[in-house]
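Spelled out, the chains give:
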2 protein chains.
Amino acid sequence: MKGKEGKVSRREFLAATAGFFAGVAVGSGGLLLLPGCTQKTAEKQVNTGAEKVQIKEVIPKPPWKYEKIDPQKAAQIAYESWYEGFCTYAVVKGVFKALGEKVGEPYKSFPLEAIRWGHGGVVGWGTICGTLTGAGIVTGFIAGKEGEKMINDIVYWYSTTELPIFEPKNPKATIKNKSVSNSPLCHISVGRWMKKENVKFFSPERKERCARLAADVAAKTVEILNAWKDGTYKPAYTVSQAKKYQITAQNNCMDCHAKGVPPLPGT
Amino acid sequence: MKGKEGKVSRREFLAATAGFFAGVAVGSGGLLLLPGCTQKTAEKQVNTGAEKVQIKEVIPKPPWKYEKIDPQKAAQIAYESWYEGFCTYAVVKGVFKALGEKVGEPYKSFPLEAIRWGHGGVVGWGTICGTLTGAGIVTGFIAGKEGEKMINDIVYWYSTTELPIFEPKNPKATIKNKSVSNSPLCHISVGRWMKKENVKFFSPERKERCARLAADVAAKTVEILNAWKDGTYKPAYTVSQAKKYQITAQNNCMDCHAKGVPPLPGT
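Small disclaimer: the values here were computed from a predicted structure and weren't measured.

**Looking at the overall build of chain A**
A tally of regular secondary structure across chain A gives 10 helices and 0 strands. Its helices and strands in sequence order give chain A the pattern α-α-α-α-α-α-α-α-α-α, from N to C terminus. Residues classed as buried in chain A amount to 51% of the 267 residues present. For chain A, the proportion of contacts with a sequence separation of at least 24, taken over those separated by at least 6, is 67%.

**Quick look at the packing of helix H4 (residues 71-103) of chain A against helix H8 (residues 204-230) of chain A**
Residue and element names in this part refer to chain A. Closest axis-to-axis distance for the H4/H8 pair is 7 Å, and the angle between their directions is 130°. Regarding the angle of H4 to H8, the classification is oblique. As for the relative orientation of H4 and H8, their crossing is right-handed in sense. Of the residues assigned to the contact of H4 with H8, the class counts are 19 nonpolar, 4 polar and 3 charged.

**Some points on the environment of A:Tyr89**
Residue and element names in this part refer to chain A. Turning to its location among the elements, Tyr89 is positioned in helix H4. Note: C-alpha distance between Tyr89 and Ile247 (158 residues apart in sequence) is 30 Å. Non-local contacts of Tyr89, meaning those with residues more than four positions away in its chain, are made with Ser81, Glu84, Leu112, Ile115 and Arg116.

**Some details on the packing of H4(A) against helix H5 (residues 130-143) of chain A**
Residue and element names in this part refer to chain A. Interaxial distance between H4 and H5 falls to 7 Å at its minimum, and their mutual angle equals 35°. The two elements H4 and H5 meet at a crossing, and its hand is right-handed. When H4 is examined against H5, the residues Phe86, Cys87, Thr88, Ala90, Val91, Val92 and Val95 are found in contact with a partner set consisting of Gly130, Thr131, Thr133, Gly134, Ala135, Ile137 and Val138. Tallied by class, residues from the contact of H4 with H5 come to 9 nonpolar, 5 polar and no charged.

**Things to note about the environment of B:Trp64**
Residues and elements named next belong to chain B. Looking at the element boundaries, Trp64 is found in the loop between helix H3 (39-48) and helix H4 (71-102). Trp64 sits in the buried class, given 23 other C-beta atoms within 10 Å. Placed 75 residues apart in sequence, Trp64 and Thr139 show a C-alpha to C-alpha distance of 9.8 Å.

**Digging into the confidence of the model for chain A**
Residue and element names in this part refer to chain A. On average, residues of chain A score 82 in pLDDT, and 76% of them are at 70 or above. Across residues 1-52 the pLDDT falls below 50, and counting only partners more than four positions away or on other chains, this stretch makes 117 contacts in the model. Here the predicted complex scores 0.81 on pTM and 0.81 on ipTM.

**Let's talk about the nonpolar core**
A:Ala214 and B:Ala214 are the most contacted members of the largest nonpolar core, which totals 136 residues. Those residues within four positions of B:Ala214 in sequence are excluded, and the remaining contacts are B:Ala78, B:Tyr79, B:Trp82, B:Cys87, B:Ala90, B:Val91 and B:Thr131.

**A few points about unusual backbone geometry**
Following A:Pro62, the chain continues into A:Pro63 via a peptide bond in cis, with omega recorded as 0°. If you trace the backbone, A:Pro63 turns up in the loop between helix H3 (39-48) and H4. Although it is not a glycine, A:Asn198 adopts a positive phi angle of roughly 60°. Under the C-beta neighbour-count criterion, A:Asn198 is labelled exposed, with 12 such atoms within 10 Å. The backbone of B:Gln246 shows a phi angle near 60°, a positive value even though the residue is not glycine. Tracing the backbone through its elements, the reader meets B:Gln246 in the loop between helix H9 (241-245) and helix H10 (253-257). Using a count of 15 C-beta atoms within 10 Å as the deciding quantity, one classes B:Gln246 as partly exposed.

**Focus on the environment of A:Tyr66**
Residue and element names in this part refer to chain A. Examined against the element boundaries, Tyr66 turns out to sit in the loop between H3 and H4. Separated by 171 residues in sequence, Tyr66 and Tyr237 place their C-alpha atoms 23 Å apart. Excluding anything up to four places from it in sequence, Tyr66 contacts Ile142, Leu225 and Lys229.

**Quick look at helix H6 (residues 147-160) of chain B**
All names here are of chain B. Here H6 spans 20 Å end to end across 14 residues, near enough to the 20 Å set by a 1.5 Å rise per residue. Every buried residue of H6 is listed here: Gly147, Glu148, Lys149, Met150, Ile151, Asn152, Asp153, Ile154, Val155, Tyr158 and Ser159. Next to the buried residues of H6 lie helix H5 (130-143) and helix H8 (204-230).

**Things to note about helix H7 (residues 186-197) of chain A**
Residue and element names in this part refer to chain A. Look at H7: 16 Å from first C-alpha to last across 12 residues, which is about the 16 Å you get at 1.5 Å a residue. Within H7 the residues assigned to the buried category are Cys186, His187, Ile188, Ser189, Val190, Gly191, Trp193 and Met194. Against the buried residues of H7 lie H5 and H8.

How each quantity is defined
Every chain is numbered on its own, with residues counted from 1 as its sequence reads. Labels follow written order: the first chain is A, the first ligand is 1, and so on. A pLDDT threshold of at least 70 governs which residues receive local features in this predicted model, and a stricter bar of 80 or more applies before side-chain atom pairs are shown or counted, although totals over entire chains, interfaces and linings include all residues. The helix count covers DSSP runs of H or I at least four residues long, the strand count covers runs of E at least two residues long, and both are numbered beginning at the N terminus. To sort residues by exposure, count the other C-beta atoms lying within 10 Å of each residue's C-beta; 20 or more gives buried, 12 or fewer gives exposed, and values between give partly exposed, all with C-beta atoms placed from the backbone. Here the contact rule is simple: place C-beta atoms from the backbone, and any two residues whose C-beta atoms are within 7 Å are in contact. All axes here are fitted lines through C-alpha atoms, helices being fitted over the stretch that makes contact, and every angle between N-to-C directions spans 0 to 180 degrees. Convention used here: angles under 35 degrees read as roughly parallel, angles over 145 as roughly antiparallel, angles from 65 to 115 as roughly perpendicular, and any remaining angle as oblique. By definition, any crossing whose near helix is turned counterclockwise from its far helix by less than a right angle is left-handed, and any crossing with a clockwise turn is right-handed. As a working rule, the residues Ala, Val, Leu, Ile, Met, Phe, Trp, Tyr, Cys and Pro are called nonpolar, Asp, Glu, Lys and Arg charged, and the rest polar, with Gly in that last group. Confidence of the prediction at every residue is given by pLDDT, a number between 0 and 100. Remark: nonpolar core denotes a set of buried Ala, Val, Leu, Ile, Met, Phe, Trp, Tyr and Cys residues whose joining runs through C-beta atoms within 7 Å. In this analysis, the expected span of each helix is defined as 1.5 Å times one less than the number of residues it contains.

Here you go:
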């Protein structure tokens, strides 16, 4: 992980530190124990007076340390987590919890409440499916700019694949249908599936579908990251949407434009 | 910032630590100097052997420490940053760079390449405007679940306001028009403006419009966060889109549905 050292800067002591460590200050680099300050002593200090410890909180730069994990493990966590915090939260927790168990930080401390807002296509506005916002966050933090190829791949796969695929061991509801969204938009994706299943938005079946979709996106994201770790990842979809259409776009233009929505100038 | 201590766990030493600090290990709480290890000594250790220092990489839980900043300062940084990394990157950098100068970590180390993928409505797919993804990330990390009200507010404001407003001191291109997007979607927002301005997507004018829009969203986000810091923030738009429409949705239904796109069951 390049650039770690360069990113470290001073942090304030916790206020409680001042009394006990009077006359003692902290260097600029993180936890430092000098020779003579043994592990036992240090840990005792920590254990008996945790509030006296300064915590240096910096966020590592991508790429984050990655170890291959089981896509189905991430999927199962994502499925269960949907019912805690919806779609974006579910995908990020599915991948990061599995990675946290294997790798540790920064996955363990990643604050899931910070990215929960992606649900329902951004707090219910029906735009990008929140599972894809989750996949963008996962690939972005793990792989940095290289992750952009991955999220482009995942969006294409999402838009062209019959979903959901995942079959939970203990489903919370029974659903009958899969559907192809032909769009990464929450409104269109969930709307097409609801029409096929003939259920309403606030139904157990719709919730179950979205939970399983989160599992699918978590698994797909892990498959790509595992291949990337192996050095075998090749993007399946290398199209630049903006260059293809001369505007940012999906691939379902005629859903709107054939119905009379005016095309853009020059198209 | 609640929960910091609870979130800290062990991290590996940097490999280089092992030799110099043989027999010395690290407690579980971050940087710790024991009595007798004076500031001068510690800093010398750090200064003369920075590579021997362990760095604790954990991500703090929201709410992150916040100090009021000048919205126009964030806007100017966002405007300039658009030309480095596009819309999501620009908004996050606009706010976090200004905060980093005032507050320090974790803003300073926040890795902007991890969230660049939001550009063009998620790597060019034309979905949620990348400035709004940036605003979601900013409000989510700073305010946690409370940030969801903020991003809902910002999406509504974005969709109903003539933009761009921001006037850079040294514009990179001249533009004539503002437009109301009536949608948080990149494709619709930029498409409507391009039609009014009569320019193509890969034109200096379109880029300038998006850079100024990033400035506007950064400024709006800071205004809300400043009010929140003062304890005076009240969401201006409290509607739940999903409850209003019985599906996740925007407010421009007739753009598509009046043209013949089938409505959903029960609507």
